[in-house]
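Results of the structural survey
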Amino acid sequence: MKVDHNRQKKIAIINDFSGFGRCSISVALPIISVMGVQGVSLPTAVFSNHTGFDSYFFDDYTKNMRAYIDEWRKLDLQFSGICTGFLGSKDQIDIVTEFFDEFKTEDNIIVIDPVMGDYGKTYDTYTPEMCERMKDLVKYADILSPNLTEACILTETPYKERWKIKELFALADKLVALGPQKIVITGIPQGSFVSNLCFAVGKEHRFIKTHRVGESRSGTGDIFAAILAADAVNGLDFLESVKKASRFIKKCINRSIEMGIPLTDGVAFEEVLYTLRDKKK
């Protein structure tokens, strides 16, 4: 008798794994799980701790990814959602493209967090060829969640510190033209606020603002994308999901400041994780 492994909603999490530092799979997995969805992880690399530390162990997982996926194929796994984060090479982008071609359906949701750069600069690991391949990959996204730097890279728009509202709207329009139905440009500075610009096809542009607290910490983009993915699979409205993710990250940062957590160690999301179970929070 054939065993059915698809009785529960599942999200494939394609990202690197850091043993310490609260980012990537190590934050996405518990967040997706507490929101009532099974997280199924496909590591792109294994780190002892993330690259924001002075020293770390690193193992590239590219050579194993296809064999890893083949075992999922044997189990006939089906996914309600697919969430991607950091991809370390052109080969990994190609593997993820193949994964989308096979596992994407009319009913599931793909969330792409195009981890390419920050503060106006592309990460050292990202070559021009990888940037071009990422433009091709994002056409698969139902939801795309770049930061401002990544939005500029994807649209070949010069980065700058100050933006007019109409310029940000135009940037969002360019991203949607790449293929995604919904986009959110994260971490836009607006005075004492940090804004996320949301745009969905057929809808108006909307800013979701929260008061800026503390300094930038690792893993917050991964938390944001994980919440969007789980909410999308659970049928929550996109704008409500962005608001929820923004509020949750603010709680995480505030609690981390209270506890004196070093910036390199990410956010103490464990302290407030329970609030994601309560739909009123």
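Structure: above.
Anyway, here's the lowdown on the structure attached to this text. Just so you know, these numbers come straight off a predicted model, no measurement behind them.

Here we come to the overall build of the protein. For the protein, the count of helices and strands is 8 helices and 11 strands. Expected size for 281 residues packed as a compact globule is a radius of gyration near 19 Å; at 18 Å, the protein falls within 12% of this value. Principal axes of the C-alpha set define a box for the protein whose edges measure 60 × 40 × 40 Å. Expressed as a percentage of its 281 residues, the buried residues of the protein come to 51%. In the protein, of all internal contacts separated by at least 6 residues, the share reaching a separation of at least 24 is 66%. Accessible surface, the protein as shown: approximately 13700 Å² in total, 52% of it carbon and sulfur. Averaging the positions of the 36 positive and the 38 negative side-chain charges in the protein gives two centres separated by 7 Å.

Moving on, we come to the sheet that holds strand β8 (residues 143-144). Taken in spatial order, the 9 strands make up an open sheet running β3-β2-β1-β4-β5-β8-β9-β10-β11, and their pairing is mixed. Lying at the two open borders of the sheet, with one neighbouring strand each, are β3 (58-60) and β11 (206-211). Relative to strand β9 (residues 182-190), β8 runs parallel, the two being bridged by 2 bridges. Note on β9: the bridge partner recorded for Ile143 is Lys182. Sitting on the sheet, helix α6 (residues 165-177) is in contact with β8, β9, β10 (193-200) and β11, with an inclination near 150° to β9.

What follows covers the packing of aromatic side chains. What the rule picks out here adds up to 12 aromatic pairs. Consider the rings of Phe47 and Tyr56, whose centres lie 5.8 Å apart with planes at 55°: the pair is tilted. Owing to a relative accessible area of 9%, Phe47 belongs among the buried residues under this scheme. Classification of Tyr56 by relative accessible area gives partly exposed; the value is 38%. On the numbers, 5.4 Å between centres and 50° between planes, the contact of Trp72 with Phe79 is tilted. Assessed through its relative accessible area of 6%, Phe79 is described here as buried. Taken together, the ring pairs in this structure connect Tyr61, Tyr68, Trp72, Phe79, Phe99 and Phe103 into an aromatic cluster. The lysine or arginine in question, Lys160, covers the ring of Trp163, its NZ or CZ lying 5.3 Å from the ring centre.

As a further point, take the environment of Lys104. Position of Lys104 among the secondary structure elements: in the loop between α3 (90-103) and β5 (109-112). What makes Lys104 partly exposed here is its relative accessible area of 26%. Along the sequence, Lys104 and Gly81 sit 23 residues apart, while their C-alpha atoms lie 8.5 Å from each other.

Let us now look at the pattern of salt bridges. Under the defined criterion, the tally for this structure stands at 17 salt bridges. Taking the shortest distance from any N to any O, the salt bridge between Lys104 and Asp142 comes out at 2.7 Å. Of this pair, Lys104 sits in the loop between α3 and β5 while Asp142 sits in the loop between α4 (128-137) and β8, and the two are 38 residues apart along the sequence. Salt bridges sharing common partners tie together Lys90, Asp94, Arg133 and Asp136.

Our focus in this paragraph is the side chain of Thr84. By the secondary structure assignment, Thr84 is in strand β4 (residues 81-84). Here Thr84 falls in the buried class, since its relative accessible area comes to 2%. Residue contacts for Thr84: discarding those within four places in its chain leaves Ile14, Val96, Phe100, Val111, Ile112 and Asp113.

Rules used throughout
- Residues numbered from 1 in each chain as written.
- Predicted model: local features only at pLDDT ≥ 70, side-chain atom pairs only at ≥ 80, totals over all residues.
- Heavy atoms only, no water.
- Helix = DSSP H or I, 4+ residues; strand = E, 2+ residues; numbered from the N terminus.
- Rg over C-alpha atoms; globule rule 2.2 N^0.38 Å.
- Buried < 20%, exposed > 50% of the residue type's maximum accessible area, 1.4 Å probe, protein only.
- Contact = heavy atoms within 4.5 Å.
- Areas by Shrake-Rupley, 256 points an atom, 1.4 Å probe, with all protein chains shown as cover.
- Lys, Arg positive; Asp, Glu negative; His and termini not counted.
- Charge placed at Lys NZ, Arg CZ, Asp CG, Glu CD.
- Pairing = 2+ DSSP bridges.
- Axes fitted to C-alpha atoms, helices over the stretch in contact; angles between N-to-C directions.
- Phe/Tyr/Trp six-rings, centres within 6.5 Å; stacked < 30°, edge-to-face > 60°.
- Lys NZ or Arg CZ within 6 Å of the ring centre and 35° of its normal.
- Salt bridge = Lys/Arg side-chain N within 4 Å of Asp/Glu carboxyl O.

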